[in-house]
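Chain by chain, the residues:
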Amino acid sequence: MCGDGALPGTPTRRLLGVECPVGRRGRRQRSNRRGRVMAAEPPRISPNMMPRRTRSIPPAASTPQRRHAFSPLVPQRGWPNSIVYADTGILVSVGRNRSCIPRFEAHYAGRLRIAESVAMEIERNADPATPVDGRLRTAAALAKTTLIDGGSCAVDSDDNYDSRTFDEVHAKLKNLPRRSDEPNHPLAHLGEAASIALCIARTSQGELVVFLVNDGGASVVAAQYGIPARHFGQVLAELICSGHFTSSDAFDALAMATAVTGIPQGAVPMSASALECRRAADGRSCGACDAFATAVAAGQE
Ligand SMILES: [Zn+2]
């Protein structure tokens, strides 16, 4: 740079933070046609004089991230012989509508489970000291007193899953792209990670397991381990097929749930007719829902 070649005693001046000699090498002189020396011009500023900057814009992701992966394998009426693990979003969805609670309990009687971390999350949201939306607090409180304290869902302890699997699942959930309005608190994803780790443990024991969750990212991670995920809209469709709900009442319950939890765009049913059971004319069998649900879900992928 300029300052390196300056001889001792050569006048210098600062240019862009660098000492530059003044004189033949440091300033330019030019003559007009009559040979008169014109006023010296300052050295031209060049981008080459600027210090190099490190790259601050990260490169774009090479492949777009999937937003959800709710399972196309589970039929509309569900798998009656499966056990289900419900995440916090599902329980508060149920707790949002008092009439939904006994129907949900009846449909999953004896096979509904939650992770201990989910029970704690429900308890935290139900606590008046926790700064959450009042509708969420009320729904969580109702879910706690009925589903959890009432004993209709079994709480699985942290001892029932492999801690390394939990760590791996948790890391994947934390690395998912977040929405701008999504809070990033230290307890985020603990319930989902524990639920998926439990689903993996039960599946490895030969049980048929479905993960009930509204979060699209959690459904993507669950799918990576072969765990089928269903959201609250699909839970309601099961309740319709089993005769616990009419499609219009179920759609009302879905609308109420959107105040406390979100199902990703593109996955959420947009009308009551999308939830209807294709029950046979004799009213006894809805076997047609199996093929229908599979086709619809596959079409969403
Ligand atoms: Zn049906």
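Residues numbered from 1 in each chain as written. Predicted model: local features only at pLDDT ≥ 70, side-chain atom pairs only at ≥ 80, totals over all residues.

Below, the discussion takes up the packing of helix H5 (residues 163–174) against helix H7 (residues 216–224). Geometry of a packed helix pair, given as the angle between the helix axes and the separation of the axes. Axis separation between H5 and H7 bottoms out at 10 Å; the angle between their running directions is 140°. In this view, H5 runs oblique relative to H7, as classed from their interaxial angle. In this structure, the crossing between H5 and H7 has a hand that is right-handed. The residues of H7 that touch H5, namely those facing Val169, Lys172 and Leu173, are Gly217, Ala218 and Val221. Grouping the constituent residues of the contact of H5 with H7 by class yields 4 nonpolar, 1 polar and 1 charged. (Axes fitted to C-alpha atoms, helices over the stretch in contact; angles between N-to-C directions. Helix = DSSP H or I, 4+ residues; strand = E, 2+ residues; numbered from the N terminus. Parallel < 35°, antiparallel > 145°, perpendicular 65-115°, else oblique. Left-handed = near helix turned anticlockwise from the far one by under 90°. Contact = placed C-beta atoms within 7 Å. Nonpolar A, V, L, I, M, F, W, Y, C, P; charged D, E, K, R; others polar.)

Within the largest apolar cluster, 68 residues are counted, with the highest numbers of intra-cluster contacts made by Tyr85, Ala143, Ile196, Phe211 and Leu236. Ignoring any residue separated from it by four or fewer positions in sequence, one finds Leu236 in contact with Phe245, Ala250, Ala253, Leu254 and Leu275. (Core = buried A, V, L, I, M, F, W, Y, C linked by C-beta atoms within 7 Å. Buried ≥ 20, exposed ≤ 12 C-beta atoms within 10 Å, placed from the backbone.)

Right, let's talk about helix H6 (residues 190–204) for a bit. With 15 residues, H6 extends 21 Å between its outermost C-alpha atoms, agreeing within 8% with the 21 Å of an ideal straight helix rising 1.5 Å per residue. The buried fraction of H6 is high, at 11 of 15 residues. Every buried residue belonging to H6 is among Gly191, Glu192, Ala193, Ala194, Ser195, Ile196, Ala197, Leu198, Cys199, Ile200 and Arg202, and all of these are buried. Of the residues trailing H6, Gly206 is marked for its positive phi of about 90°. (Expected span 1.5 Å × (residues − 1).)

Running from amino to carboxyl end, helix H3 (residues 116–126) crosses H6 at an angle of 155°, the nearest separation of the two axes being 7 Å. Classed by the angle they form, the pair H3 and H6 counts as roughly antiparallel. The chirality of how H3 crosses H6 is left-handed. For the pair formed by H3 and H6, the contact residues are Glu116, Ser117, Val118 and Glu121 on the first element and Leu190, Gly191, Ala194 and Ser195 on the second. Across the contact of H3 with H6, the residue classes break down as 3 nonpolar, 3 polar and 2 charged.

Before going further, it helps to spend a moment on the sheet that holds strand E7 (residues 229–230). The strand order E5-E4-E3-E6-E7 describes an open sheet built from 5 strands, whose pairing is parallel. Two strands bound the open sheet, and with one partner strand each, they are strand E5 (154–156) and E7. The pairing of strand E4 (residues 112–115) with E5 spans 3 bridges and is parallel. Across the sheet, Ala115 pairs through a bridge with Asp156, a residue of E5. (Pairing = 2+ DSSP bridges.)

It is worth spelling out the environment of Glu121 at this point. Take Glu121: it is sitting in helix H3. Take Glu121: there are 23 C-beta atoms within 10 Å of it, and that puts it in the buried class. Considering only alpha carbons, one finds Glu121 and Thr88, 33 residues apart in sequence, at a separation of 6.9 Å. Setting aside anything within four residues of it in sequence, one finds Glu121 in contact with Thr88 and Gly191.

Taking every second residue as pointing to the same face, both faces of strand E6 (residues 209–212) are buried, with Val209 and Phe211 on one and Val210 and Leu212 on the other. Where strand E3 (residues 83–86) and E6 come together, 4 bridges link them in parallel fashion. Directly across from Ile83, in E6, lies its bridge partner Val209. Relative to E7, E6 runs parallel, the two being bridged by 2 bridges. Residue pairing for E7: Phe211 is matched across the bridge by Ala229.

Another aspect to go through is the confidence of the model for the protein. Overall, the predicted model of the protein reaches an average pLDDT of 80, with 70% of residues at or above 70. Segment residues 1–35 is flagged for pLDDT under 50; beyond a separation of four residues in sequence, or across chains, it makes 43 contacts in the model. Scored below 50 in pLDDT, residues 294–301 shows 8 contacts in the model against residues more than four places distant or in partner chains. (pLDDT = per-residue confidence, 0-100.)

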